[in-house]
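# Observations on chain architecture
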Amino acid sequence: MKRRQFSLALAATGLAAPALAQAYPTKPISIIVPFAAGGPTDVMARIMGERMGRELAQQFIIDNTAGAAGTIAVGKLVRAAPDGYTIGIGHLGTNVVNGAIYRQLTFNVVDDLAPIARLPSNPMLVVTSNQVPANTLAELIAYLKANADKVSGGTAGVGSGSHIGALLFNKVTGTKYQLVPYRGTGPAIQDLIANQIQIMVDQSSNALPHVRAGKVRAYAVTAPRRSPAAPDIPTVAEAGAPGAEVAIWHGLWAPKGTPAAIVDRLNRAAVAALGDPEVRRKLEDLGQELPTPAEMAPAAFGAFQRAQFAQWKPIIDEANVKVE
Ligand code: ASP
């Protein structure tokens, strides 16, 4: 049935948009996660999905579609039916930076999706395996310079948050080491603990639990201020690497064409989830900063994403990042 015939048929049944949204959701909602299970994006999806599921009285099913720093997942979301039963989570890397790096994409990371809600943001931590003989960031930089050919760093692929973090860190500190791409920084940090790789710059939400457990060592946080979740870790500026500040914000999107009433319903569920003190406590303990309900609104989030694209595009162009 053509789209117009379908809407006419729908109108004839009396199921206009408000009624549709009232009935929604009548079955589980799939949430596409662009990285492997266990990493920061996956953890955010699971925390949000569990709480939003309670809000909407339906289950959220996590679909980890990793690969190519999230571009495969975003493409899958763009092509999904715009009916509210498939949504996607992403971040600054997947839904802004990749649009500037992957020039061959058949979709536009900004224009071809409907923003649902902005989600929390967290800075990154510069962390190494416990085998790296450095106690401060200055010692680490000296070690990296002296051992450039022996050190490997983990990322979630070209354009991922951990890749952006590593690029900035290398630029500011004049260091360089081999970057190894993983399907997400969940698996990468396990290899860091095992010293298969030596360094990562990854979201605090992934690194902090392992820092607290003494399994990896943290040197600096890529934020202008220390994180209340880890007040002992100096900022990059304090530790001698000003200019390496970056925070990875997250968000939820639907395929373009998803009815506004459904996007609004999902937005309200996300706002309710982040209003829950238990959810807030969990996220803040991982170093996440929570957006306000006004910042989470679909239109405000869409404008924010667009502004972020305008801000990052020249930086990416100048860095001349190549996809290997
Ligand atoms: N934190 C990762 C990144 O570098 C992705 C992930 O595994 O969530 O973008």
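Here the structure is shown first, and the text comes after it.
In this report, we go over the structure that sits alongside the text. As the structure is a computational prediction, the values presented were derived from the model and not from experiment. Here the residue numbers are simple positions, counted from 1 along each chain's written sequence. Per-residue local features of the predicted model are confined to residues with pLDDT of at least 70, and side-chain atom pairs are confined, for both listing and counting, to 80 or more; whole-chain, interface and lining totals are unaffected and use all residues. For side-chain calculations, the full set of non-hydrogen atoms in the structure is used, while hydrogens and water are omitted.

### Looking at the overall build of the chain
Heads up, the rule is: Numbered from the N terminus, helices here are DSSP runs of H or I no shorter than four residues, and strands are runs of E no shorter than two. Radius of gyration here uses only the C-alpha atoms, and the compact-globule reference equals 2.2 Å multiplied by the residue count raised to the power 0.38. Whether two residues are in contact is decided by their heavy atoms: any pair within 4.5 Å suffices. For every accessible area listed, the method is Shrake-Rupley and the probe measures 1.4 Å; residues are considered covered only by the protein chains on display. Under the counting rule used here, the positive set is Lys and Arg, the negative set is Asp and Glu, and His together with the chain ends is not counted. To locate a charge, take atom NZ for lysine, CZ for arginine, CG for aspartate or CD for glutamate.
Scanning the chain from N- to C-terminus turns up 14 helices and 9 strands. In terms of C-alpha radius of gyration, the chain reaches 20 Å, essentially the compact-globule figure of 20 Å for 324 residues. Across its three principal directions, the C-alpha atoms of the chain cover 75 × 40 × 30 Å. Sequence separation of 24 or more characterises 78% of the internal contacts of the chain that already satisfy a separation of 6 or more. A total accessible area of about 14000 Å² is found for the chain, and carbon and sulfur atoms account for 55% of it. Side-chain charges in the chain split into 30 positive and 24 negative, and the spacing between the mean points of these groups amounts to 6 Å.

### Overview of the packing of helix α5 (residues 92–101) against helix α14 (residues 298–319)
In plain terms, the rule: For helices, the fitted axis covers only the stretch in contact; all axes are lines through C-alpha atoms, and the angles between them, taken along N-to-C directions, range from 0 to 180 degrees. Each angle is binned into one of four classes, with values under 35 degrees roughly parallel, values over 145 roughly antiparallel, values of 65 to 115 roughly perpendicular, and all other values oblique. It is the rotation of the near helix from the far one that decides the hand of a crossing: anticlockwise by less than a right angle makes it left-handed, clockwise makes it right-handed. The classification used treats Ala, Val, Leu, Ile, Met, Phe, Trp, Tyr, Cys and Pro as nonpolar, Asp, Glu, Lys and Arg as charged, and all other residues, Gly among them, as polar.
Viewed as axis vectors pointing N to C, α5 and α14 meet at an angle of 45 degrees, and their least axial separation amounts to 9 Å. It follows that α5 is oblique to α14 by the angle criterion. The element α5 and its partner α14 pack so that their crossing is right-handed. Touching Leu-92, Asn-95, Val-96, Val-97, Gly-99, Ala-100 and Ile-101 of α5 are Gln-305, Gln-308, Phe-309, Trp-312, Lys-313, Ile-316 and Asp-317, all from α14. Taken together, the residues of the contact of α5 with α14 break down into 8 nonpolar, 4 polar and 2 charged.

### Details of helix α6 (residues 137–146)
What counts, and what does not: Each residue's exposure class comes from its accessible area (1.4 Å probe, protein chains only) as a fraction of the maximum for that residue type: buried when under 20%, exposed when over 50%, partly exposed otherwise. Summarising the geometry, the arc corresponds to the directions from the helix axis toward the C-beta atoms.
Where α6 is concerned, the buried positions are Leu-137, Leu-140, Ile-141 and Leu-144. Down the axis of α6, the smallest arc covering the buried residues is 100 degrees, so these residues share one side. Exposed residues pointing more than 90 degrees away from the buried face of α6 are listed as Ala-138 and Ala-146. Where α6 is buried, its residues contact β4 (113–129), α7 (161–173), β7 (199–203), β8 (216–221) and α10 (236–239).

### Looking at the environment of Asp-111
Position of Asp-111 relative to the elements: it lies in the loop between α5 and β4. Counting along the chain gives 195 residues from Asp-111 to Arg-306, while the straight-line C-alpha distance between them is 9.0 Å. Look past the residues within four positions of Asp-111 in its chain and what remains in contact with it is Lys-256 and Arg-306.

### Remarks on the packing of aromatic side chains
Put simply, the rule is: Note on aromatic contacts: the rings of Phe and Tyr and the six-membered ring of Trp form a pair at centre separations within 6.5 Å, being stacked when their planes are under 30 degrees apart, edge-to-face when over 60 apart, and tilted otherwise.
Applying the stated rule across the entire model yields 5 aromatic pairs. Seen in terms of ring centroids, Tyr-24 and Tyr-85 are 5.3 Å apart; in terms of plane orientation they differ by 55 degrees. Their pairing is tilted. Here the residue Tyr-24 occupies a position in the loop between α2 (17–23) and β1 (29–33), and Tyr-85 occupies one in the loop between α4 (71–79) and β3 (86–91), the gap between them amounting to 61 residues. Residue class for Tyr-24 comes out buried when judged on its relative accessible area of 5%.

### Quick look at the environment of Pro-40
Within the secondary structure layout, Pro-40 lies in helix α3 (residues 40–56). A residue is classified by how much of its surface remains accessible, and Pro-40, at 5% relative accessible area, is buried. Remark: the alpha-carbon pair of Pro-40 and Ile-29, spanning 11 residues in sequence, is separated by 20 Å. Every residue in contact with Pro-40, bar those within four places of it in the chain, is listed here: Thr-185, Asp-202, Gln-203, Ser-205 and Asn-206.

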